[in-house]
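In case you want the letters, here they are:
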Amino acid sequence: MTQRMILINSPYFISEENLHKVDDWSEVFGNDHPLSLEIGCGTGHFVVECARRNPERNYLAIDIFNRGCFKTCNRVEQAGLTNVRVARAEARFLMAHFLPPNSLSQIFINCPDPWPKKRHRRRRLVNETFLDLARYVLKRDGDLYFTSDFEDYAVEVAMRATEHPNFSQARPAPVALDIEGYPRSKYMRRFLDRNEPIYFVHFRCDKPEGAVLPPPPVEPGFRLLWAVASDL
């Protein structure tokens, strides 16, 4: 994937070079508050609202698109928040290489690419490999939230999580049309304003207390390579 790059000078942006230098996320934030991960931060509406409501939590927001990271950093700075960091990274690569085991209390995935054509569905983010990675980085009782405007994707994720040995359903129904108090991303609002549903999935990690599992294998290629535009 080649993208035209926007230079990001925000103090809240973590470049890939600096990701390699992170040994302890509490040092990045200057405290040991629980850490949450948003995968696919887009324009930053969701993570900013989460961080505003929960100053006792830290948030790492990632996106594969440089422009999304740029917009999210701007929104974080405008909101005057200090408990958000932004990185441009592919989720599985980040989880496998830059997040220690048991380091996350929450993972949020809001309306990822649904790959609606049947022959493309193997490209969907949430599969067995992803759930193994989520189990690895989540603490026991950590929360996995997933939303989609495609019902079949939400049902598929709920089914996979139900079948996984270390995730349990956190709500009465595996798929719901709302979670009270759940912030809305800009993309989600677009659908809700047209009276089109968003499907919510919420599961909890129930691996053994204190378990440190080996990192699951990740297929080669789950990493971004990009060319920096010469005329930034």
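Structure's up top.
Predicted model only: the values in this text are computed from it and were never measured. (Residues numbered from 1 in each chain as written. Predicted model: local features only at pLDDT ≥ 70, side-chain atom pairs only at ≥ 80, totals over all residues. Heavy atoms only, no water.)

Participant: Hey, could you run me through the pattern of salt bridges in this one?
Facilitator: Opposite charge on two side chains permits them to pair, given that their charged atoms come into close proximity. Inspection of every chain in the model, using the stated rule, returns twelve salt bridges. Here Glu49 makes a salt bridge to Arg52, at a shortest N to O gap of 2.8 Å. Of this pair, Glu49 and Arg52 both sit in helix α3 (residues 45–53), three residues apart, roughly one helical turn. For Arg52, a relative accessible area of 47% corresponds to the partly exposed category. Residue Asp132 pairs with Arg135 through a salt bridge whose shortest N-O separation is 3.7 Å. With a gap of three residues between them, Asp132 and Arg135 both fall in helix α6 (residues 128–137), about one helical turn apart. For Asp132, a relative accessible area of 19% puts it in the buried group. (Salt bridge = Lys/Arg side-chain N within 4 Å of Asp/Glu carboxyl O. Helix = DSSP H or I, 4+ residues; strand = E, 2+ residues; numbered from the N terminus. Buried < 20%, exposed > 50% of the residue type's maximum accessible area, 1.4 Å probe, protein only.)

Participant: Teacher, can you tell me more about the side chain of Ser10 here?
Facilitator: On the secondary structure map, Ser10 appears in the segment before β1 (13–14). At 3.1 Å, the side chain of Ser10 and the backbone nitrogen of Tyr12 are in polar contact. One polar contact links Ser10 to Glu77, side chain to side chain, over a distance of 2.8 Å. Leave out the neighbours within four places in its chain, and Ser10 touches Cys73 and Glu77. (Polar contact = N/O pair within 3.5 Å; in protein donor to acceptor, adjacent residues only side chain to side chain. Contact = heavy atoms within 4.5 Å.)

Participant: Can you help me understand the pairing of strand β8 (residues 199–205) in this one?
Facilitator: The two faces of a sheet get side chains in turn, since along a regular strand they alternate between them. Of all seven residues making up β8, six are buried, and the element is well covered by its neighbours. Summarising the sheet, strand β6 (residues 138–148) and β8 pair through six bridges and their orientation is antiparallel. Each bridged residue has a counterpart across the sheet, and for Asp143 the counterpart in β8 is Arg204. With three bridges connecting them, strand β7 (residues 167–169) and β8 associate as antiparallel partners. Looking across to β8, one finds that Phe167 is bridged to Cys205. (Pairing = 2+ DSSP bridges.)

Participant: What exactly am I supposed to notice about helix α7 (residues 151–163) here?
Facilitator: Every α-helix winds through 3.6 residues per turn, so residues three or four apart in the chain are directed the same way. Between the first and last C-alpha of α7 there are 18 Å, a value that for 13 residues agrees with the 18 Å anticipated at 1.5 Å per step. What α7 keeps buried is the set Tyr153, Ala154, Glu156, Val157, Ala158 and Ala161. Taken together, the buried residues of α7 touch α6, β6, β7 and β8. (Expected span 1.5 Å × (residues − 1).)

Participant: Help me understand the sheet that holds strand β2 (residues 35–39), please; the structure alone is not making it clear to me.
Facilitator: Within a sheet, each strand pairs with its neighbour through backbone hydrogen bonds, oriented either parallel or antiparallel. One open sheet accounts for eight strands, arranged β1-β4-β3-β2-β5-β6-β8-β7; its pairing is mixed. Edge strands, defined here as strands with exactly one partner in the open sheet, are β1 and β7. In this fold α3 packs onto β2, β3 (58–63), β4 (84–88) and β5 (104–110), with an angle of close to 175° to the strand it touches most, β3. The sheet contacts of helix α4 (residues 66–79) involve β1, β3 and β4, and relative to β4 the element is tilted by about 165°. (Axes fitted to C-alpha atoms, helices over the stretch in contact; angles between N-to-C directions.)

Participant: Before we go on, may I ask you to explain the packing of α3 against α4 in this structure?
Facilitator: A pair of packed helices is characterised by two quantities: the angle between their axes and the separation of those axes. For the pair α3 and α4, the least separation of the axes is 9 Å and the interaxial angle reads 30°. The angle between α3 and α4 places the two elements in the roughly parallel class. At the point where α3 passes α4, the crossing takes the right-handed sense. Two secondary-structure elements touch here, α3 through His45, Val47, Val48 and Arg52 and α4 through Thr72, Arg75, Val76 and Ala79. Across the contact of α3 with α4, the residue classes break down as four nonpolar, two polar and two charged. (Parallel < 35°, antiparallel > 145°, perpendicular 65-115°, else oblique. Left-handed = near helix turned anticlockwise from the far one by under 90°. Nonpolar A, V, L, I, M, F, W, Y, C, P; charged D, E, K, R; others polar.)

Participant: Just checking my understanding: could you explain the pairing of β5 for this structure?
Facilitator: Judged by how many residues are buried, β5 sits mostly within the fold: seven of seven residues are covered. Examined bridge by bridge, β2 and β5 share four bridges and lie parallel to one another. By the bridge assignment, Ile39 is partnered in β5 with Ile109. As paired strands, β5 and β6 are joined by six bridges and run parallel to one another. Counterpart to Phe108 in the pairing with β6 is Tyr145. The parallel pair β5 and β6, bridged by α6, forms a crossover whose chirality is right-handed. (Right-handed = clockwise from strand over helix to strand, strands pointing away.)

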